[in-house]
Amino acid sequence: MNDIVLIVASCDEYRALWKPFFTLIKKYWADCPFKTYLISQNPDCLGIEGMAEKSESWATRVKSALEKIEAPYFILLGEVGLLAEKVNTARILELFGIMKKENICYLGLNFIDRMRDFPQFKDYSDLIEVENDPYRVNFMSCGIWNKEVFYKILRE
């Protein structure tokens, strides 16, 4: 699992959410196999590796932190998306395998991605292909990213 990590991109203003967020991660994703990083100006959440990035800009903090991480892929989470049910780690690993095999740059993991009427992606019955939708890419939804592509579209 050296080619993917879990990133929680936050800021100090949301510090009060870190403990409940990571408590729920431990409860509902106890078998998470990914190295996990908390990115913030002053990350200090017990048991979580912090990456201190002093910039006030979310984009600058995340980009700077990712430059220090060798993994070419990452799962991006926001601390406001609290888990409410068990995460299917086997399915996440399966999706990540498909992502690498098919050279997919972003794979959204939210159920809302299935709500629109988009065409099926290749022969994968539960994956859709999204094109020409200016609001499909956002950094607040849970998803797996190709780091190189993320860099290209991230703006200050």
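In case you missed it, the structure is sitting above this.
Residues numbered from 1 in each chain as written. Predicted model: local features only at pLDDT ≥ 70, side-chain atom pairs only at ≥ 80, totals over all residues. Heavy atoms only, no water.

## Brief notes about the packing of aromatic side chains
Evaluated as defined, the whole model comprises six aromatic pairs. Judged by centre distance (5.0 Å) and plane angle (85°), the rings of F74 and F150 are edge-to-face. Placement of the pair is F74 in strand β4 (residues 73–77) and F150 in helix α4 (residues 147–153), with a sequence separation of 76 residues. Judged by its relative accessible area of 1%, F74 falls in the buried class. The exposure class assigned to F150 is buried, which follows from its relative accessible area of 0%. Seen from their ring centres, Y106 and W145 are 4.4 Å apart, and the 40° between their planes marks the pair as tilted. (Phe/Tyr/Trp six-rings, centres within 6.5 Å; stacked < 30°, edge-to-face > 60°. Helix = DSSP H or I, 4+ residues; strand = E, 2+ residues; numbered from the N terminus. Buried < 20%, exposed > 50% of the residue type's maximum accessible area, 1.4 Å probe, protein only.)

## Quick notes on helix α1 (residues 15–28)
Over its 14 residues, α1 extends 21 Å from the first C-alpha to the last, a length consistent with the 20 Å expected when each residue adds 1.5 Å. Of all the positions in α1, only W18, F21, F22, I25 and Y28 are classed as buried. Across the axial projection of α1, the buried residues extend over an arc of 140°, all falling on one side. Residues of α1 that are exposed and point over 90 degrees away from its buried face: A16, K19 and K27. Packing partners of the buried residues in α1 comprise β1 (4–9), β2 (36–40) and β4. (Expected span 1.5 Å × (residues − 1). Arc of directions from axis to C-beta. Contact = heavy atoms within 4.5 Å.)

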